[in-house]
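Summary of structural features
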Amino acid sequence: EKSLSAVLFPGVSPVEYERGELVPIFAELVESHKTQVPYSYYSRSLPFCPRPNPAHARKAKRKNLGAKLQGARTELSPYDLTVLEDTPCTAICEVPLRADSRQLAYLVKLILRQYRVHLTLDSLPVLVKNPAMNYAARGFPVGFTTPPANGMGPPDMHVYNHLAFTISYLKDSDSDEPDGSVRITGFDAHPISIQHEGHVGESVTTCTGSSYPQNNPRTFMTLSDTGTSNIIYSYEIKWVESDVAWSDRWDIYLLGGVNNDAIYLSMINSLMMTLFLAAVVFVIMVRTLRKDLAIYNDLELDLTEEDGQEESGWKLVHGDVFRPPSTSPLLLSVAVGTGAQIGTSVSITLIFAILKIVNPMNKGAMLSAIIFLYVLSGSVGGFVSARLYKVCDATEWKLNAVATAVALPAFLTGMFIILNIFLGIAGAATSVSIFTIIGVFLLWTCVSVPLVFVGSYFGFRAGKLEVSTKTNQIARFIPEKNFARRSIATLALSGIVPYVNMIVEFAVIMNAIWLNHFYYTMGFLFVSILCVTISCIAINIVTCYVQLCGEDHRWWWKSFLNGASAGFFIFLHSIWFLSHRLQLVGMLPVVVYMTYMSMISLCFALYCGSLSFISCFWFTRKIYGALKVD
């Protein structure tokens, strides 16, 4: 049986540590679920200990492009850790805070908005847990509030300035030596608020080798709104041998995350819905159309005259069904090509994750893989866009190639830069440096754009997609529609079916993105995306057939918009998630959330719209190719 760590972290093997070896504890972001504006641990606005001496500091972890775009900051923390050596209470720094200082105001804001500090040791996030209350959470809180002593006014603010670390380890089973190598299997912290007595560098009587600070309401480190608050930060470390295997050390972090039972039920629901829609399409293609074509081609079948009249509408528009759209065929071709490019990059990323080439637990690596594969899939987008644009009897392939290469990246980059300006003003750690933006721009202009031009060139060089019917010079009159054939009905039906197909999986993904849950069920996600793809194709073929039966030949844009409406339902779900699951405080966190969810909804809409159009185009060529038209 494969270990859980082998599944979650493919290619990562246990690290063996020797007694007396120095192991770095890394400080990551200071963030809160109430805001989507994290801060760097060493931000000038935060009153924490300064960076350790660079002469003794180890290099921080290297960050990939995705981690940089996410604003991930991994730096050496001020805590010293030596393998298998307990550290008594040690004061590391003293930070004076005046009542009118900016740092005190920021610290109060962090406490009120429930910010937590995230540390990592041997890739394990620090965990605060209480077995008696069955409670475990990543990161330790900056502080807490208590009711005011006099019962009136604002609450009292207290800071957690002492950390009691507990490092769980497992001895190497292959070593018989008492001081053999060990593997780290747990990284816990117990935050304590204590008003230390003394000064760092002289004597701190409440933090000595024989004293162990405890949480006591009479000795809480309370922030003063008058005068100066001297915060002395300290820590202690205790090593505890554990029987937890290295392969099982992530189990506690997955509690309260993915519900496997719900995922299984979601898969069953998606598969049943997909099979039902596939059966409906099969009935239309094999039975209804077969009879319809037989009647139209003067084959002798035992059918009533009423049946023949009922199913004769779609044949009457054979002279207009392949009439190019009068409204912006360039925009339609660009949208379909971009959707095909998005689908290609996401599909390859999922396959890489299933094959363990990409680590699904590393959000930065996943985002990097999607960006690089999107760039490398530029030839797919250019080819599909050029082929469709040529069907519309257009010849300006260079304009089509430029629009395909520029449209979506320019729009998303513009939104990102505007948001990045506001994040930079707020001092958020997620603000991206200008060098990263320049790197993305060079990746786009030097790799993606040329590949789009290559795909577009071959797309226009290829022969035009032939259709079996000739287009009339004058467009056919479109009769009045009933409710089932109206645009709003088909939009709602075509959008809600793919959304319902992956609603459970999407909810899990939202928890992973915005609530910092771990997500690792890439196999389930691949099956879910596959079901969404099949259901999107099937339902849009059905709606296209219904539209053609109503003698409405304007299916080009409608087929794309019907599929793209699934992105609208994703956006509505994000609004519900914002109002019911998130408790964001302030305007900027809401703007950050809505901006990123708008990007995700737009990309999903383009993908589903592209699928819908390509499937409807194949469907119309198939059924009208079987007609015998003079």
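Above this text sits the structure in question.
Residues numbered from 1 in each chain as written. Predicted model: local features only at pLDDT ≥ 70, side-chain atom pairs only at ≥ 80, totals over all residues. Heavy atoms only, no water.

On to the overall build of the chain. Within the chain, the regular secondary structure consists of 15 helices and 16 strands. For the chain, with 630 residues in total, the buried portion stands at 50%. In the chain, once contacts between residues fewer than 6 apart in sequence are set aside, the share between residues at least 24 apart is 80%. Split by element, the accessible area of the chain, about 30,600 Å² in all, is 61% carbon and sulfur. (Helix = DSSP H or I, 4+ residues; strand = E, 2+ residues; numbered from the N terminus. Buried < 20%, exposed > 50% of the residue type's maximum accessible area, 1.4 Å probe, protein only. Contact = heavy atoms within 4.5 Å. Areas by Shrake-Rupley, 256 points an atom, 1.4 Å probe, with all protein chains shown as cover.)

Burial within strand β5 (residues 116-121) is extensive, with six of its six residues counted as buried. Of the two faces of β5, both are covered, the one formed by R116, H118 and T120 as well as the one formed by V117, L119 and L121. As defined by bridge partners, strand β1 (residues 26-31) adjoins β5 across four bridges and the pair is classed as antiparallel. Across the sheet, F26 pairs through a bridge with T120, a residue of β5. As defined by bridge partners, β5 adjoins strand β9 (residues 140-141) across two bridges and the pair is classed as antiparallel. Note that in β9 the partner of V117 across the bridge is F140. The turn joining β5 and strand β6 (residues 124-125), which pair antiparallel and follow one another in sequence, is formed by two residues; a positive phi near 55 degrees is taken by D122. (Pairing = 2+ DSSP bridges.)

Given a rise of 1.5 Å per residue, 28 residues ought to cover 40 Å, and the 39 Å separating the end C-alpha atoms of helix α10 (residues 434-461) matches this to within 8%. Taken as a whole, α10 carries its principal kink of about 30 degrees at W444. All buried positions along α10 are accounted for by T436, I437, L443, W444, S448, V449, V452, G455, S456, G459 and F460. In this structure, the buried residues of α10 make contact with α2 (65-70), α6 (329-354), α7 (363-376), α8 (378-391) and α9 (397-426). (Expected span 1.5 Å × (residues − 1). Bend = angle between axes of the 7 residues up to and from the residue.)

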